[in-house]
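Each chain is listed here by its residues.
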Number of protein chains: 2
Amino acid sequence: MSTPRASLDFFHRPSSVAVVGASDDTEKIGGRPLRYMREFGFAGRVVPVNPRRDTVQGLPAVPSLQDSPVVPDVALIAVPGAAAVEAVATAADMGVPGCVVMSSGFAETGTAEGERLQAELLGHARRSGMRIVGPNSQGLATFSSGAVLGFSTLFTEEPPEDGPVGIVSQSGALASVPYGILRRRGIGVRYVHGTGNDADVSAAELAAAAIDDPELKLLLLYLENVADPESLIALGEKSRRNDTPVVALVGGRSAGGSRAAASHTGALATERRVLDAFFERVGIWQVHSVRELVAASELYLRDWRPRGNRLAVVSNSGAVCVLAADAAEDEGLPLAELAPDTVEGLKRELPAFAATGNPVDVTAALLTDSTIFGRVLPILGADPNVDACLLAIPVAGRGYDVEQFASDAAAFAASGTPLVLAVPQPNVAEPFVRTGLPVFEEESGAVAALGQYLAHRRRMARADGLPRPAVGPREPLHPRQLNEADSLAALAELGVPVVAHEFVPDPAQVAGAFTRLGVPSVVVKGSTSETGHKSELGLVQLRRSSPAEARAAAEEIAASAERHGVALDGFLVAPMVAGLHEVLIGASLDPVFGPVMVVGAGGVYVEAMSDTRVLLAPCTPEEVHEAIAQLRMAPVLAGLRGQPAADVDAWVKAVVRASEVLADAASPIAGFDANPVMLLRHGAAAVDAVVLRR
Amino acid sequence: MSTPRASLDFFHRPSSVAVVGASDDTEKIGGRPLRYMREFGFAGRVVPVNPRRDTVQGLPAVPSLQDSPVVPDVALIAVPGAAAVEAVATAADMGVPGCVVMSSGFAETGTAEGERLQAELLGHARRSGMRIVGPNSQGLATFSSGAVLGFSTLFTEEPPEDGPVGIVSQSGALASVPYGILRRRGIGVRYVHGTGNDADVSAAELAAAAIDDPELKLLLLYLENVADPESLIALGEKSRRNDTPVVALVGGRSAGGSRAAASHTGALATERRVLDAFFERVGIWQVHSVRELVAASELYLRDWRPRGNRLAVVSNSGAVCVLAADAAEDEGLPLAELAPDTVEGLKRELPAFAATGNPVDVTAALLTDSTIFGRVLPILGADPNVDACLLAIPVAGRGYDVEQFASDAAAFAASGTPLVLAVPQPNVAEPFVRTGLPVFEEESGAVAALGQYLAHRRRMARADGLPRPAVGPREPLHPRQLNEADSLAALAELGVPVVAHEFVPDPAQVAGAFTRLGVPSVVVKGSTSETGHKSELGLVQLRRSSPAEARAAAEEIAASAERHGVALDGFLVAPMVAGLHEVLIGASLDPVFGPVMVVGAGGVYVEAMSDTRVLLAPCTPEEVHEAIAQLRMAPVLAGLRGQPAADVDAWVKAVVRASEVLADAASPIAGFDANPVMLLRHGAAAVDAVVLRR
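Rules of the game
- Going along each chain's sequence as written, the residues are numbered from 1 onward.
- Here chains are named by letter from A upward and ligands by number from 1 upward, in the order in which they appear as written.
- Residue-level local features of this predicted model are given only where pLDDT is at least 70; pairs of side-chain atoms are given and counted only at 80 or more, and the full residue set underlies all totals for whole chains, interfaces and linings.
- Here the side-chain values reflect all heavy atoms present in the structure, with hydrogen atoms and water set aside.
- A run of DSSP states H or I qualifies as a helix once it reaches four residues; a run of E qualifies as a strand once it reaches two. Both are numbered from the N-terminal end.
- Summary of the burial criterion: residues with accessible area below 20% of their type's maximum are buried, those above 50% are exposed, and those between are partly exposed, where the area comes from a 1.4 Å probe applied to protein chains only.
- The contact criterion used is simple: two residues touch if any of their non-hydrogen atoms lie within 4.5 Å.
- Two rings from Phe, Tyr or Trp (for Trp, the six-membered ring) form a pair when their centres are within 6.5 Å of each other. A pair whose planes differ by under 30 degrees is stacked, one over 60 is edge-to-face, and the rest are tilted.
- By the convention used here, strands pair only if DSSP detects at least 2 bridges between them.
- We call a crossover right-handed when, viewed with the strands running away from us, the connection from the first strand over the helix to the second turns clockwise.
- Reported buried area values correspond to the accessible surface (1.4 Å probe) lost by two parts on association, with both partners' losses combined.
- In what follows, salt bridge is the name for a side-chain nitrogen of Lys or Arg lying within 4 Å of a carboxyl oxygen of Asp or Glu.
- Between N or O atoms, a polar contact is any pair within 3.5 Å; within protein, one atom must be a potential hydrogen donor and the other a potential acceptor, and residues adjacent in sequence are included only when both atoms are from side chains.
- Each residue receives one of three labels: charged for Asp, Glu, Lys and Arg, nonpolar for Ala, Val, Leu, Ile, Met, Phe, Trp, Tyr, Cys and Pro, and polar for the others, Gly being one of them.
- When the copies are superposed, the least-squares fit draws on C-alpha atoms of residues that have pLDDT of at least 70 in both.
- Here, nonpolar core means buried Ala, Val, Leu, Ile, Met, Phe, Trp, Tyr and Cys residues that are tied together by side-chain atoms lying within 4.5 Å of each other.
- For a helix, the expected span equals 1.5 Å multiplied by the residue count minus one.

## Remarks on the overall build of chain A
For chain A, the helix and strand inventory stands at 24 helices and 30 strands. C-alpha extents for chain A along the principal axes are approximately 95 × 80 × 35 Å. Split into buried and exposed, the 694 residues of chain A put 60% on the buried side. Of all intrachain contacts in chain A linking residues separated by at least 6 positions in sequence, the fraction that spans at least 24 positions is 72%.

Pasting the structure below:
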């Protein structure tokens, strides 16, 4: 990653653009940008570069880039392979601020030659400070300035219109597809960027530049790798500061998808749930499909300030009321408990047989009473228990005053309460769509989009209170597994309470350790850094109740270790601790996102019955409490069926302290696995641990 | 439930229809059916009944139903309240086979008067054998015969066309909405039935009649209650026999939805996961939203015979290949491992830089090579490892030979391999839609629909091998909780192995029981039928290791019982059994679906950490094995980290035997809860149980 310049604004609002490989053919890669800039109102200077023509598409051309009468803000490169590298070198020599390299034949080919050419490109950027988008880029399009520095065919298929949405994607297709869907829904899109191989400028860095635009209301991001976490952090920070939500789709979640991504733009280097934790931390909403990427766009474009997520449902169909309530539960949106005044108000406005609870079924009375929504919605909006509304009209048409319904809905939504519509009939939906309201074909889609929108706003607000994740690559520097005793000592230093223990070099001294511990029963373990599977190898002996038994256990362990060829460096003797629950605390260094903590249910079946959550370091007590509350084991921690409550605070405190140590880039700890940690009524104690030191 | 007649065919293909309350106004409920039957080609006789007119919509009218010149096959009732009851009485007297009562004001009002009127209707049906649809029905529409016995406004909004889909719904809106969506997608719909209150004929019974139609290829069902499981079983059987899949949406899954349904058509009387188990058993696919109800329709209309679910993906975008692979994993569709011949074949057909694994990225070569899909798809289709294909074209348009792509895709799909399309641009999608292929906006929707279709076909095939569920209401007849000893005895009789034990009436005899058991350590329990919470009340004492300790335990228990006011009828003494795992076996009587079995992880935290599966009785060993394999605890059963494998067969055998006893309607057992059942290396033993006897 090169050091980002203060801004990449020249890519968005260049005063001049040179097109290297400019073509008279408006269907060619070198011809389209010229045509697009002309058609979409680019007011800057355009310099076609073409050694074989005096003019290109009516503009005076120059034979080579260095003949350009101005140093362009951007050189757009549409010539292949070696010629592209040469043009980039020339641009760097001339002091051009930015290049967009549309040419392919670089690292995406998977060949050494392609890698070499791409490294050359980057070399020219590094030596001159010039920034490069691409290579293998579909190009950048900015419709507020008309600077279309790319060749997407979709701009002729779906005519652009400037608007409040930005799309930044590593893939050209994944820039074009959401662009097309949004345009067909009548939404204006300002930025449509397909970055390609991201040799220099990453998609995340470009997105962080685009989001500086105060008129942007929504940024959609498609990534296939996350090589640039610093820019993603900056993007998250700006998203919250500018109140411009970012919705991200990262391809390659699955094994098959990751393999496909590896052959496409390079696979994700990071574990998926670390990425999930990262996006949650920085306030970016992550989706899993193109459908979800664009589903809630209309909601983000409104200036709503939702307070909570309690939903009121209004429909002229009882069945749709039922299905909307089901969908609300699926999305985690509670149905609002209506205030008594609200119920009274609804009773006054609705026929006697209508349902005046929530959902509100206005019944077929809608056919004869066109103002019913206009009267019912404000009553719900005035209820302090209602945070958002769904209006569902499964059947209407001739005989219904749909224009009235739409203007009543628009007036209500303008008053500040988020409102989504479920209207399957296109002719009934049309007046609502015309008002800019979010209209869906049916209730489950409407509620899902609303759920995403409300949860995203909540995530953004929450992210403001969280520490900056300690991302960044940290070389493991030959991590080394510590033995039992050193692991416990290192853990204690990290702030994780560990069981009382004695470490002795040979079996004869185990009896004395038993006596010194003064407990009725001990566990004896062979101490070694050579294996993590002590139980299976017979290196752990539980419940030894006398000095002699303890010593005998140590001798058995020594024999077993010899049988398995494991070198022991001593014996650990510790009291048998019967906790209320066995939990675990883990930490590791992610290659992209740095130190990562794991909390979860502990015990021997951890991997099989996986009940864990991942957090980025450093983490706050609130975050750790929330993560623990999401575990399947959470309900038992408070004490069930006569059992006492466990000291969850002690667990949380240990995780937070360890996360703070790990977050320090100078920390010598490369990771640890404390399992089980016994949760007690008061306190907690790790009884087994492996620590990795760098 | 009345005894169903052999067929409800008169509702679908009546030779004559009387409309009681016929209106000249074609927008009125009594006017629309006349107009619709005329417009949609009903060839039978229509007799308008109207006391104030000689002709209605040009047809000669009669003043009252008994004046009809023929006994009509169906009397369609469009007059309100008491007049409707009177018309139904007349129809019954005349020997009319069927009535459709569109009038409202019956049980759906929630009033005693409404209930009374509905009971009267039913009385007329019962005494005469006449069958009634409704009341409060939107009516029935059959477009093969033109018999539109209903008033849905959607038939004017979205013109009908006869076709291979049937829709049967308790809700009129939920018949109209899927009808409209399918019609806008160009799919013909034959049946559009909105049944209403289901006083006599249930939606399920009507669906089971409609599915007899050999031309039907798909039946969509919407329910809010499942009062008629026998008809649902018949529907499932016919669905499999006729090879006509049924997709069902049952509203009211959530607490809020269930409350809304209660006020709408009467809530579901059954636990939701029992319903899930039922649909799985009979081969009906259950969905959770209108979107899912209609999403896969085009796939069902093809005559594919899928062998498996291994997917091949073809696209001209690398990013879409990545996302399609992710979506495949989400849907449980494995990516096909291509055979070496296939890879060789692809290499011959594709440019050198294209990805010839699966997903297959044909790259931008598509622009210059229009026949590439026509060459690549058959290569994949010939691979025995490929069961289905996705073809995704995120970007095309001018310059692409889309007609060629569509005809190649159609030819491939006709060869028998299921094929779905992901094509966002409407103009690019249009030629594919024209061929009748299933086209989706993006890959996740396409893969989800394919996943549903393939899983449904598999479910239907599997259902053929399963026993008929022992549904039917079975009065609990004052269920009585048995005490500890009787529970264990009853359980053993059901075929569930129980722990060895002694039952003695007083503490003094507990010492002798200890000696007779001859084990090192016992558990002592107070035996009572008064509580299920023995541990919390101190009625269970573990690990007593001598006759004296056992007796003392019994005395403590007696004291504790007295303190808590629990009457003991004796003491149970049993060996301490340390199983490999604690599991549970449960059984209960569902009010609708009869005997239901539960298998799952056992122990004290069963409710909090719920890890259970529900099965209908009787169940097969294969079914129980599959249910256990789906538990979260499943991976540990085979033995992990040096632990031996548990005897899962013993568990399965106990469940199957108990399920067979429970399935017998004469069984005196109303349910039981065996928890924990200790799974051993060889065998299993219930150590704690509560049995309910009728």
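Having seen it, we continue.
## Side note on the packing of aromatic side chains
Residues and elements named next belong to chain A. A full pass over the atoms with the stated rule returns 26 aromatic pairs over all chains. Geometrically, the ring pair formed by Phe155 and Tyr179 is edge-to-face, given 5.2 Å between the ring centres and 85 degrees between the ring planes. With a gap of 24 residues between them, Phe155 in helix H5 (residues 154–157) and Tyr179 in helix H6 (residues 173–184) connect regions that are remote in the sequence. Each member of the pair, Phe155 as well as Tyr179, is classed as buried. With a centroid separation of 6.5 Å and 70 degrees between ring planes, the pair formed by Tyr400 and Phe405 is classed as edge-to-face. Since its relative accessible area comes to 16%, Tyr400 is described here as buried. Taking relative accessible area as the criterion, Phe405 reaches 0% and is therefore assigned buried. In textbook terms, an aromatic cluster arises when at least three aromatic residues are bridged by ring pairs, as seen for Tyr36, Phe40, Phe143, Phe155 and Tyr179.

## Structural notes on the pairing of strand E10 (residues 165–169) of chain B
Residues and elements named next belong to chain B. Within E10, 5 of the 5 residues are buried, which leaves it mostly tucked inside the rest of the structure. Burial along E10 is two-sided: the face carrying Val165, Ile167 and Ser169 and the face carrying Gly166 and Val168 are both buried. Two elements, E10 and strand E11 (residues 189–194), share 5 bridges in a ladder whose sense is parallel. Paired with Gly166 across the bridge in E11 is Tyr191. The parallel pair E10 and E11 is bridged by helix H6 (residues 173–184), and the resulting crossover is right-handed.

## Focus: the interface of chain A and chain B
Taken together, the 76 residues of chain A in the interface contact 77 residues of chain B. Carbon and sulfur atoms make up 58% of the area that chain A and chain B hide from each other, which totals about 5,900 Å². Broken down residue by residue, the surface that chain A buries against chain B is led by A:Arg398, A:Tyr605 and A:Arg641, which jointly contribute 12%. Between the two partners, chain A and chain B, sit 4 salt bridges. Between A:Arg253 and B:Asp330 there is a salt bridge, with its nearest N and O atoms 2.9 Å apart. Across the contact surface, chain A and chain B share 26 residue pairs in polar contact (both at pLDDT 80 or more). Of the residues in the side of chain A that touches chain B, the class split is 35 nonpolar, 23 polar and 18 charged.

## Describing the relation of the copies chain A and chain B
Two chain copies, one operation linking them: a rotation about an axis together with a shift along it. In screw terms, the move from chain A to chain B is a rotation of 180 degrees and a rise of 0.1 Å along the axis, fitting with an RMSD of 0.1 Å. Such a combination of turn and shift is consistent with a two-fold rotation axis. Judged by C-alpha distance, A:Arg632 is the residue of chain A that lies nearest the rotation axis, at 5.4 Å. Comparing interface residues between copies, 100% of those in chain A also sit at the interface in chain B, which points to an isologous, same-surface contact.

## A few points about the nonpolar core
Counting residues in hydrophobic clusters, the biggest one holds 313 residues, and the most contacted among them are A:Phe432 and B:Phe432. Those residues in contact with B:Phe432 that sit more than four places away from it in its chain are B:Leu391, B:Ile393, B:Val402, B:Phe405, B:Ala406, B:Ala409, B:Leu421, B:Val423, B:Leu437 and B:Val439. Ranked by size, the runner-up nonpolar core spans 45 residues in total, among them B:Val583, B:Ala627, B:Trp651 and B:Leu662.

## Considerations on helix H24 (residues 648–663) of chain B
An ideal rise of 1.5 Å per residue puts 22 Å on 16 residues; H24(B) measures up with 22 Å between its terminal C-alpha atoms. Those residues of H24(B) not exposed but buried are B:Val648, B:Ala650, B:Trp651, B:Val652, B:Ala654, B:Val655, B:Val656, B:Ala658, B:Ser659, B:Leu662 and B:Ala663.

## With respect to helix H19 (residues 484–494) of chain B
Residue and element names in this part refer to chain B. Within the sequence span of H19, burial applies to Glu484, Ala485, Ser487, Leu488, Ala490, Leu491 and Leu494. Where H19 begins, one side-chain oxygen reaches toward the backbone nitrogen of Ala485, 3.2 Å away; that side chain belongs to Asn483. Positive phi appears at Gly495, one or two residues downstream of H19, with a value of about 105 degrees.

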